[in-house]
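A look at the structure
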Amino acid sequence: MKALVLSGGSGTRLRPISYAMPKQLVPIAGKPVLEYVLENIRDLDIKEVGIIVGDWAQEIIEAIGDGSRFGLRLTYIHQEQPLGIAHCVRLAREYLGDDDFVLYLGDIMLDGDLTAHAREFAESRPAARIIVRQVPDPRAFGVIELDAAGQVLSLAEKPGEPRSDLAAIGVYFFTSEVHRAVDAIAPSARGELEITDAVQWLLEHGSRVEAGRFTDYWRDTGRAEDVLECNRRMLGRLAPRVSGEVGPDSELVGTVVIEEGARVTRSRIVGPTVIGAGTVVEDSQIGPYASVGPRCTVRSSRLSDSIVLDDASILAVTGLHGSLIGRGASVTPGARGEECHRLVVGDHVQIEIAA
């Protein structure tokens, strides 16, 4: 079995962060979303992975490399325009050949086991097995309708009036039958080749389609609030580690990771929290649930429930909470206040906080 990972798309809901970087490389607990995806695929004992890339191809290739550090062999496949998930399958036809494969969206976070789903697919070999879960509002997803026996009846992409609350979460297992369906469907009203249309075509032409329910942790990382929620979850999975320098006048509380070259002086770090390599923290309190990237500077500040990306600086800000700070950004207090909640700052932006 091979894997096909989708890492194109523009990430419009994650702007301004996604103006300057692909959403698949946004760090969760100090590690890009795409790395979690590849690790989950490796856990399925898959070695060959094709990655669909778009405008951010070079950035993704530089960050992920050839896959050897994950025990994988990666092949990058370029998509000129984001024309739908089924279009990605069409682009990858030569790479996939006649092999079974798992299709995995590169911007979702799963903290759970997919091996049982992979095993059931390999044993029963339906044309498709869709991983689904119940969601409060399925209108933003591909929606799957099941009969009383749990068999798939129909699929619809982002329906205005969903016929069930079961959503496709972004993981699909396919045999080579799907290529016949992808070749047969036409673009949808929004101009994309929808994978739900391809699976519906399989159903209508007598192929067997299964749905597997995923009950562990899952999030779409398309919005800043989702990224921060994932960060809280994955920080809770860390083991404490101190590779950097922590001064005698500093305190570490709970699960804290201090990466190599980081320096913490006269500060209190409350876990779960990660301080990235080469970062300087002085006279500050960081955490809980904070992820500070490499080469950052935090001075005379209080920071919690936030993600700070590489090379950013937080200076004399006494209450930064629930925020996402871009690479090279600078946050300082304004004339009328020093506290801020729910701040999202793009790369290399200088911002003064005003109450």
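The structure we're discussing is the one just above.
Here we summarise the structure given alongside this text.

Conventions we followed
Throughout this document, residue positions are counted from 1 along each chain, in the order its sequence is written. In keeping with the model being predicted, local features are shown solely for residues with a pLDDT of at least 70 and side-chain atom pairs are shown and tallied solely at 80 or more, while totals for entire chains, interfaces and linings include all residues. With hydrogens and water stripped out, all remaining heavy atoms of the structure feed into the side-chain values. Working definition: helices are DSSP H or I runs of at least four residues, strands are E runs of at least two. Numbering for both runs from the N terminus. Accessibility here uses a 1.4 Å probe with only protein chains present; expressed as a share of the type maximum, an area under 20% marks a residue as buried, one over 50% as exposed, and anything in between as partly exposed. Note on definitions: a residue-residue contact is assigned when non-hydrogen atoms from the two residues lie within 4.5 Å. Each accessible area is a Shrake-Rupley estimate made with a 1.4 Å probe; only the visible protein chains count as cover when residues are assessed. Counted as positive: Lys and Arg. Counted as negative: Asp and Glu. His and the chain ends are not counted at all. To locate a charge, the coordinates of NZ of Lys, CZ of Arg, CG of Asp or CD of Glu are taken. Paired strands are those between which DSSP finds at least two bridges. We call a crossover right-handed when, viewed with the strands running away from us, the connection from the first strand over the helix to the second turns clockwise. Note on geometry: axes are lines fitted to C-alpha atoms, helical ones only across the stretch in contact, with angles between N-to-C directions running from 0 to 180 degrees. The scheme is simple: roughly parallel for angles under 35 degrees, roughly antiparallel for over 145, roughly perpendicular for 65 to 115, oblique for anything else. Throughout this entry, Asp, Glu, Lys and Arg are counted as charged residues, while Ala, Val, Leu, Ile, Met, Phe, Trp, Tyr, Cys and Pro are counted as nonpolar. The remaining residues, Gly among them, count as polar. Geometry of aromatic contacts follows a simple scheme: Phe, Tyr and Trp rings, the Trp one being its six-membered ring, pair when their centres are within 6.5 Å, and the pair is stacked under 30 degrees between planes, edge-to-face over 60, tilted otherwise. Geometrically, a lysine NZ or arginine CZ counts as sitting over a ring once it is within 6 Å of the ring centre and also within 35 degrees of the ring normal. A side-chain nitrogen of Lys or Arg and a carboxyl oxygen of Asp or Glu constitute a salt bridge if their distance falls within 4 Å. Under this definition, polar contacts are N or O atom pairs within 3.5 Å; protein pairs additionally need one hydrogen-donor-capable and one acceptor-capable atom, and for neighbouring residues in sequence, both atoms have to be side-chain atoms. Joining through side-chain atoms within 4.5 Å is the link that ties buried Ala, Val, Leu, Ile, Met, Phe, Trp, Tyr and Cys residues into a set, and such a set is a nonpolar core.

**Observations concerning the overall build of the protein**
Summing up its helical and strand segments, the protein has eight helices and 33 strands in all. Taken over 355 residues, the protein has a buried fraction of 55%. Taking the intrachain contacts of the protein between residues at least 6 apart in sequence as the baseline, contacts between residues at least 24 apart amount to 48%. For the protein, the exposed area adds up to about 15,100 Å²; of that, 45% sits on carbon and sulfur atoms. Positive and negative charge centroids in the protein, built from 37 and 51 side chains respectively, lie 2 Å apart.

**A closer look at the pairing of strand β5 (residues 73-78)**
Note: strand β4 (residues 48-53) against β5, six bridges, orientation parallel. Residue V53 lies in a different strand from β5, and its bridge partner there is H78. This β-α-β element, β4 to helix α2 (residues 57-64) to β5, shows right-handed connectivity.

**Focus on the packing of helix α6 (residues 177-184) against helix α7 (residues 195-204)**
Direction vectors running N to C along α6 and α7 enclose 110 degrees, while the axes themselves pass 8 Å from each other. The angle between the axes of α6 and α7 places the two elements in the roughly perpendicular class. Side by side, α6 and α7 meet where E177, V178, R180, A181, V182 and A184 of the first sit next to A198, W201 and L202 of the second. For the contact of α6 with α7, a count of residues per class yields seven nonpolar, no polar and two charged.

**Some points on unusual backbone geometry**
Cis geometry is adopted by the peptide bond preceding P272, which originates at G271 and carries an omega value of 0 degrees. A positive phi is found at A29, a non-glycine position, where the angle reads about 50 degrees. Topologically, A29 is positioned in the loop between β2 (27-28) and β3 (31-32). Assessed through its relative accessible area of 10%, A29 is described here as buried. Residues other than glycine seldom take positive phi values, yet K158 does so here, at roughly 50 degrees. When you line up the elements, K158 lands in the loop between β10 (152-157) and β11 (166-174). Residue K158 is classed as partly exposed on the basis of its relative accessible area of 39%.

**As for the packing of aromatic side chains**
How two aromatic rings sit relative to each other is set out by the distance from centre to centre and by the angle between their planes. Scanning all chains against the criterion turns up three aromatic pairs. Ring plane angle 10 degrees and centroid distance 5.9 Å describe the contact between Y172 and F174, whose orientation is recorded as stacked. Each member of the pair, Y172 together with F174, is buried. Chaining the aromatic ring pairs together yields one cluster made of F101, Y172 and F174. The residue whose ring lies beneath K2 is Y95, and the NZ or CZ to ring-centre distance is 4.6 Å. Seen from the ring of Y36, K31 lies directly overhead, with NZ or CZ sitting 4.4 Å from the centre.

**Quick look at the environment of G97**
Within the secondary structure layout, G97 lies in the loop between α4 (93-96) and β6 (101-105). On the basis of relative accessible area, G97 is assigned to the partly exposed category, the value being 24%. Separated by 95 residues in the primary sequence, G97 and K2 place their C-alpha atoms 9.8 Å from one another.

**Re the pattern of salt bridges**
One pass over the structure, following the stated rule, counts 29 salt bridges. E48 is paired through a salt bridge with R73; the nearest N and O atoms lie 2.6 Å apart. Residue E48 is located in strand β4, and its partner R73 is located in strand β5; the two are separated by 25 residues in the primary sequence. We classify E48 as partly exposed; its relative accessible area is 26%. Residue D111 is joined to R233 by a salt bridge in which the shortest nitrogen-to-oxygen separation is 2.9 Å. With D111 in strand β7 (residues 108-111) and R233 in helix α8 (residues 224-235), this pair connects stretches of sequence that are 122 residues apart. Judged by relative accessible area, which is 16%, D111 ranks as buried.

**Observations regarding the side chain of D100**
Along the polypeptide, D100 turns up in the loop between α4 and β6. The class of D100 is buried, set by a relative accessible area of 17%. There is a polar contact of 2.7 Å between the side chain of D100 and the side chain of R125. Ignoring any residue separated from it by four or fewer positions in sequence, one finds D100 in contact with M1, K2, F121, R125, F174, T175 and S176.

**As for the nonpolar core**
Judged by nonpolar contacts, the single largest core of 91 residues is most densely connected at L4 and L38. With residues near it in sequence (within four places) discarded, L4 still touches G50, I52, I77, C88, V89, A92, L96, F101, V102, L103 and Y104. With 21 residues, the next largest nonpolar core counts V281, I314, I325 and A329 among its residues.

Function-wise, these values are silent; they only describe arrangement.
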